[in-house]
Amino acid sequence: MKIIYFLVRIVLVIVLTIVTFVFIFSFESIPERVSYGVSFSKFHSDELELPWREVYQAVLYDLEVKRLRLTAHWPMIEPENGRYSFEELDYQMDEARRAGASVILVVGRRTPGWPECHDPNWAKDLDIAEREKKILSYIEEVVMRYKDYENILYWQVENEPFLVGFSKHVCGPLRKEFLDQEIALVKSIDPGREILVTDSGELSTWHGAYKRGDAFGTSLYLYVWTHWGGQLRYPITPAFFRAKRNIISLLYGEKKTILIELSMEPWLLKPIVETDMDTLLDRMSITKFNNSLAFARKASFDTQYLWGVEWWYWMDAKGHPEYMEKARELFRDGI
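Reading the values: rules and limits
- Residues numbered from 1 in each chain as written.
- Predicted model: local features only at pLDDT ≥ 70, side-chain atom pairs only at ≥ 80, totals over all residues.
- Heavy atoms only, no water.
- Salt bridge = Lys/Arg side-chain N within 4 Å of Asp/Glu carboxyl O.
- Helix = DSSP H or I, 4+ residues; strand = E, 2+ residues; numbered from the N terminus.
- Buried < 20%, exposed > 50% of the residue type's maximum accessible area, 1.4 Å probe, protein only.
- Pairing = 2+ DSSP bridges.
- Axes fitted to C-alpha atoms, helices over the stretch in contact; angles between N-to-C directions.

Draft legend 1. Seen up close, the pattern of salt bridges. A complete count under the given rule lists 18 salt bridges for this structure. Salt-bridge contacts for E261 lead to R69; the nearest nitrogen and oxygen are separated by 2.5 Å. Of this pair, E261 sits in strand β9 (residues 256–263) while R69 sits in strand β2 (residues 67–71), and the two are 192 residues apart along the sequence. In terms of burial, E261 and R69 fall into one category: buried. For R97, the salt bridge identified is with E150, shortest N-O distance 3.8 Å. Taken as a pair, R97 in helix α5 (residues 87–99) and E150 in the loop between α6 (128–146) and β4 (152–157) lie far apart in primary sequence, 53 residues in all.

Structural data, given as structure tokens:
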């Protein structure tokens with residue numbers, strides 16, 4: 001009995017120590033104003049059966065977004081082995097420059113959007129060595145083409161590459177050595193530009209990603225859906241992110257840290273266009289939309305890129321303008 005009592009006391013002391021440690025590291029001022037941007041994806045617009053150029057024009061000239069994250073999806077850039085197509089990305093990059101918007105440009109195999117890893121059809125049966133060789137060639141083509149665009153803020157190399165348990169059946173295991181090769185290649189072509197490496201906010205430690213980049217980006221998905229628990233709000237507070245950021249910067253030094261992907265559309269198990277409106281409004285009501293924004297601000301991120309602009313546009317067309325209206329307010333009042 002005494003042994004059990006002793007062990008309980010030890011566990012309580014450990015838990016109390018951890019809680020105290022996290023509490024101390026969670027102290028950080030809340031930004032008075034937030035710089036907002038969005039991730040835009042032609043692929044996501046296509047999934048929603050939207051005219052992607054029209055959506056993109058709305059992002060630039062209706063919402064007046066001045067911070068963009070764009071993606072050089074490998075299947076879009078190299079639809080056939082050795083044949084490169086830049087028409088869609090040229091349009092996005094040229095329009096962003098014309099509108100005076102900065103760009104974070106994502107390259108790699110693992111890029112934003114389900115199923116996380118995006119292979120052209122012709123590359124799906126390649127062995128790992130040959131596929132990696134092709135990925136480096138495609139990255140080189142992209143960086144060479146756009147490196148002289150003065151409005152590129154960062155090259156983002158891969159997307160959450162250390163989140164290996166998510167979509168593992170598509171992506172396979174992470175080869176850190178290859179990630180380092182990709183980063184080195186981009187640096188060698190455009191040495192004056194900083195590299196951004198990203199990681200999951202809730203499910204990763206940040207160590208591998210944070211130490212590799214010149215800047216670091218995290219995601220924040222407050223409302224999710226699980227097979228075992230159904231609809232779920234992560235049981236965390238904004239202090240979780242403040243403490244995590246302070247601890248990682250203590251270990252590896254201060255770096256620009258961005259909320260690169262704040263989820264502002266519903267988490268679903270089937271495509272949006274196949275989901276009924278009641279479910280969409282339940283999974284991401286305007287109340288949850290506003291709660292996510294408030295949470296992210298209290299987490300002390302002064303630069304935030306919102307995910308879901310294509311869905312806001314789609315919902316506006318379906319008679320629910322509240323998301324676009326709130327976005328206009330954000331981009332009007334943000335820095």
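Draft legend 2. Local environment of the sheet that holds strand β10 (residues 303–307). Ordered by their spatial adjacency, eight strands build a closed barrel running β1-β2-β3-β4-β5-β6-β9-β10, and the pairing between neighbours is parallel. Each neighbouring strand pair of the sheet contributes to a mean axis angle of 25°, computed without reference to strand direction. Across five bridges, the pairing between β2 and strand β3 (residues 102–107) is parallel. From the neighbouring strand, L70 faces β3, where its bridge partner is L105.

Draft legend 3. Examining the pairing of strand β1 (residues 35–39) more closely. By the criterion of burial, β1 is predominantly enclosed, with five of the five residues buried. Side-chain alternation along β1 places S35, G37 and S39 on one buried face and Y36 and V38 on a second face that is also buried. In this sheet, β10 lies alongside β1 in parallel orientation, the contact comprising four bridges. The residue of β10 that forms the bridge with S35 is T303. Two elements, β1 and β2, share two bridges in a ladder whose sense is parallel. Within β2, the position partnered with V38 by the bridge is L68.

By themselves, these observations are geometric and do not establish any function.
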